[in-house]
Amino acid sequence: MKIELVENRKQKPDFSKLGFGKYFTDHMLVWEYDESKGGWQEQRIIPYENFTLDPACCSLHYGQGIFEGLKAYKDENGNVTMFRPRDNFKRMNKSAERLCMATFDVEEAVKGLEELIKIEKEWIPSAEGTSLYIRPFMFGTEAFLGVHPSKKYLLTIILSPVGSYYANGLQPTKLIVEDHYTRASVGGTGEAKCMGNYAASLLAGEQAKKKGFDQVLWLDGEEKKYVTEVGAMNMAFVIDGTVVTPELDGSILRGITRDSAIKVLKANGYAVEERKVGIDEIVKAAHDGKLDEAFGTGTAAVISPVGEISYKGENIIINGGKMGAVTKWLYDRITGIQRGKYADDFGWVYAVE
Ligand SMILES: *Cc1c(COP(=O)(O)O)cnc(C)c1O
């Protein structure tokens, strides 16, 4: 690995007013792939700077682009950890396969990231609810207008100290079920963490905001009958005491927080079901007084309570619009494992040496 350090570090922002994804650290990791040079080149850590791209850069035209999101934490004693980094890079390789992009060695990626984190250690906030958000991303860089998989890629990792994902803290979010647009369908790219999925979901998201909702709850692309996910979060409901979450059908992103939640809940005696979840079932459960709670899972917000779901003009208020007991327990448990408050029984915490 080649390392080129900045001469002068940037002034750090006020760690009590970080927001999400607004500030970036002094360095980034770049890892180039070039088929004509035998594939992956030496990783480099360089000052955070602009890219220079050819206007014919293929991903700007045809969208071969994927990303990941994970977090690093620092405790009061200055110990730094990451949460499940290997799982993120494994998923990134799956996304790469789906988009015909180059795959890489997961261990090498984790090692490179660890090196970058060590260099940026002073950028990691340690207060409750704060962390260093890690954004690996990769895109095709070959300059060529014909349509074929790129022969060159750039995998980059940037870091951003973050506060709480939601400006209003753990306030329950309001979702509106989207019954016109779709985010993904089986056989499409819904399971890949690719840039285009987000572009495809923006319009519905903007329309939801105009109507006073925070985010869209997506249904399956074929029948628009089954709940899939929220677009940056997976979705779960507590129905009559059982935690129910849509099964992974190929159109739903395989969330690592979703997986962590299922494992932690099961290990602590909660009943969890992964299966098809009809939107009609949710409405009926609400009418019958059995929709106890609803929450989203995702790296950025970890566990996000849902207080309201609107479907076909009906506003369903969940648990009086307040965070429920299971949601609260889960939030405390997962963030507690991430921050070292609870034992790491699943081997998820990666110590940065
Ligand atoms: C990243 C993402 C999630 C959440 O995944 P985590 O691994 O838990 O962060 C859910 N849905 C979509 C579409 C995503 O891109």
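For the structure, check the block above.
Residues numbered from 1 in each chain as written. Predicted model: local features only at pLDDT ≥ 70, side-chain atom pairs only at ≥ 80, totals over all residues. Heavy atoms only, no water.

1. Focus: the side chain of S150
What counts, and what does not: Secondary structure elements are defined from DSSP: runs of H or I of at least 4 residues count as helices, runs of E of at least 2 residues count as strands, and each element is numbered from the N terminus. Exposure is judged per residue with a 1.4 Å probe applied to protein chains only, and the accessible area is read against the type maximum: over 50% gives exposed, under 20% gives buried, and values in between give partly exposed. By the criterion applied in these results, polar contacts are pairs of N or O atoms within 3.5 Å in which, for protein atoms, one can donate a hydrogen and the other can accept it, and in which residues neighboring in sequence qualify only through two side-chain atoms. Note on contacts: a residue pair qualifies if any of its non-hydrogen atoms lie within 4.5 Å across the two residues.
Along the chain, the position of S150 falls in the loop between β8 (131-140) and β9 (152-162). Take S150: its relative accessible area is 4%, and that puts it in the buried class. Polar contacts involving the side chain of S150 include one to the main-chain carbonyl oxygen of K152, which spans 2.6 Å. For S150, the residues in contact, after removing those within four places along its chain, are C58, Q64, G140, T141 and E142.

2. Comments concerning the packing of helix α2 (residues 85-98) against helix α3 (residues 106-119)
Packed helices, taken two at a time, are described by the angle their axes make and the gap between the axes. To be explicit about the condition: The convention used is that axes are lines fitted to C-alpha atoms, helices contributing only their stretch in contact, and that angles between N-to-C directions extend from 0 to 180 degrees. The labels follow the angle: roughly parallel below 35 degrees, roughly antiparallel above 145, roughly perpendicular from 65 to 115, and oblique for the rest. Handedness of each helix crossing follows the sense of rotation of the near helix against the far helix: counterclockwise by less than a right angle gives left-handed, clockwise gives right-handed. Each residue is assigned to one of three groups, with Ala, Val, Leu, Ile, Met, Phe, Trp, Tyr, Cys and Pro labelled nonpolar, Asp, Glu, Lys and Arg labelled charged, and all others, Gly among them, labelled polar.
Two elements in contact, α2 and α3, have axes whose closest approach is 9 Å; the angle formed by their N-to-C orientations is 125 degrees. In terms of axis orientation, α2 runs oblique to α3. The two elements α2 and α3 meet at a crossing, and its hand is right-handed. Residues P85, R86, F89, K90 and N93 of α2 pack against V106, E107, A109, V110 and L113 of α3. Residues that form the contact of α2 with α3 fall into these classes: six nonpolar, one polar and three charged.

3. A short note on the site of the ligand
Quick note on the threshold: Throughout this document, a residue counts as near a molecule or strand when at least one of its heavy atoms sits within 4 Å of that molecule or strand. For accessible areas, the Shrake-Rupley method is used with a probe of radius 1.4 Å. Any residue's cover is judged against the shown protein chains and nothing else.
For the ligand, the set of nearby residues contains 15 residues, the closest of which are K193, Y198, E229, T257 and T299. A distance of 2.5 Å separates a nitrogen atom of the ligand from a polar side-chain atom of E229. In the complex, the protein chains occlude 97% of the 380 Å² of accessible area that the ligand would expose alone.

4. Structural notes on the nonpolar core
Rules: Take the buried Ala, Val, Leu, Ile, Met, Phe, Trp, Tyr and Cys residues and link them wherever side-chain atoms come within 4.5 Å; each set so joined is a nonpolar core.
Ranked by internal contacts, the top residues of the largest apolar core, which has 36 residues, are F89, L113, I117, I134, M138 and I157. Listing elements by their share of this core, those giving two or more residues are β2 (27-34), β6 (70-74), β7 (80-83), α2, α3, β8, β9 and β18 (349-352). The residues touching F89, leaving out its near neighbours within four places in the chain, are F104, V106, A109, V110, L113, P136 and I157. Membership of the second largest hydrophobic core comes to 23 residues, among which are M235, V306, Y311 and I316.

It is worth stressing that arrangement in space is one thing and function is another; only the former is reported here.
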